[in-house]
Amino acid sequence: MITHMKSNCRRLGVVSYLNAKPLIAGLDHDPAFDLRFEVPSKLPALLESAEVECALVPVIDILSAGSRWKIVSDACIGCDGETFTVRVFSRVPAEKVRILHVDGDSHTSVALARTIWRESYGYDPEIVPLESAAGDASRDAILLIGDKVVTSRPVGYDLEIDLGSAWKSLTSLPFVFAAWAVDRDADVGDLAARLGEARDRGVRSAAMIAADFGPGMGWPVTLATRYLTQRLKFTLGPRQREGMARFRELLARHGRLNHEEELIFA
């Protein structure tokens, strides 16, 4: 965790992976912002406790929050097909995966994996925390997210299932993993505009960001460049909203949402 102590500034909770760097281009050196970096699964609690006023929250948590939060920007972390850093590694065919050991840093990716298995194969694999197994030899299937797919890539797995690609095949829609969220009643002022401007700067300079930050985070520059410039999508447009609505629909169908509220956009 990295915390910059500043006063009289806007506190943002930010994903601590390479994929978030284009969304905060320029904000990390802007005295008007205080950035707190965490793995995705820890960001909802920061927003809930008001330790930050806005956070890059996993979409599953925004959906689960019902009407408490609203999406405040059209900047996001998403994909329209292969994402590369949300992957299931398996020793058995996908339809024979019965136990899926999951990376605890992600909420959305676990929900996405369960949704894909239910829709594609008609059952839910048992979800087990990755750290509960003694080692790779005891795990037939592993879900990893983020930089670890590059830096801690498991060995001995013949099958790799990219969940972005699997979602695209299932629905023909893009997928959104995380979006900027605030309290529903928050007065955000120019925050949406500032976040959009940062995203636009980051997209324009994505190759430079890959070269500057990739090696220090364990990424080869060529792979980081392809990831940020070709794989990820950073704008939450109409088709992304459609993908989010479809995800919500499937979660509700499978009994994983206990409310009927729609997503709220500022």
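Residues numbered from 1 in each chain as written. Predicted model: local features only at pLDDT ≥ 70, side-chain atom pairs only at ≥ 80, totals over all residues. Heavy atoms only, no water.

Chemist: Any chance you could break down the sheet that holds strand β10 (residues 159-162) for me, citing the residues and the numbers?
Modeler: Sheet architecture is open: five strands sit in the order β8-β7-β9-β6-β10, paired in mixed fashion. Single-partner strands in this sheet number two, and they are β8 (126-129) and β10. Neighbour to neighbour, the strand axes of the sheet diverge by 25° on average, direction disregarded. Of the strand pairs in this sheet, strand β7 (residues 99-102) and β8 are connected by four bridges, and their pairing is parallel. Within β8, the residue paired with Leu-100 across the bridge is Ile-127. (Pairing = 2+ DSSP bridges. Helix = DSSP H or I, 4+ residues; strand = E, 2+ residues; numbered from the N terminus. Axes fitted to C-alpha atoms, helices over the stretch in contact; angles between N-to-C directions.)

Chemist: So what about the environment of Gly-243? Which residues, and what values?
Modeler: Its location among the elements puts Gly-243 in helix α9 (residues 238-253). Classification of Gly-243 by relative accessible area gives buried; the value is 1%. Taking the C-alpha atoms as reference points, Gly-243 and Val-176, 67 residues apart in sequence, are found 7.3 Å from one another. Contacts of Gly-243, omitting those with residues within four sequence positions, involve Trp-167, Leu-173 and Pro-174. (Buried < 20%, exposed > 50% of the residue type's maximum accessible area, 1.4 Å probe, protein only. Contact = heavy atoms within 4.5 Å.)

Chemist: Requested: an account of the environment of Phe-177, with residues and values cited.
Modeler: Position of Phe-177 relative to the elements: it lies in strand β11 (residues 175-183). The buried category is assigned to Phe-177, whose relative accessible area is 9%. Between the C-alpha atom of Phe-177 and that of Pro-31, which follows or precedes it by 146 residues, the distance is 28 Å. Setting aside anything within four residues of it in sequence, one finds Phe-177 in contact with Val-57, Pro-58, Val-59, Ile-77, Gly-78, Cys-79, Thr-83, Val-86, Thr-108, Ser-109 and Leu-112.

Chemist: Before we move on, can you summarise the confidence of the model for the protein chain with the specific residues and values?
Modeler: A residue-level look at the protein chain finds 95% of positions with pLDDT of 70 or above and a mean pLDDT of 92. Note that pLDDT drops below 50 for residues 1-5; the model gives that stretch 12 contacts with residues more than four away or on any other chain. (pLDDT = per-residue confidence, 0-100.)

Chemist: How would you summarise the side chain of Asp-147 if you had to cite specific residues and measurements?
Modeler: Mapped onto the secondary structure, Asp-147 falls in the loop between β9 (141-145) and α4 (148-151). One buried charged residue, Asp-147, remains without a salt bridge, the closest side chain of opposite sign being Lys-148 at 7.7 Å. At 3.3 Å, the side chain of Asp-147 forms a polar contact with the backbone nitrogen of Leu-18. Setting aside residues up to four positions removed in sequence, Asp-147 forms contacts with Ser-16, Tyr-17, Leu-18, Met-217 and Trp-219. (Lys, Arg positive; Asp, Glu negative; His and termini not counted. Salt bridge = Lys/Arg side-chain N within 4 Å of Asp/Glu carboxyl O. Polar contact = N/O pair within 3.5 Å; in protein donor to acceptor, adjacent residues only side chain to side chain.)

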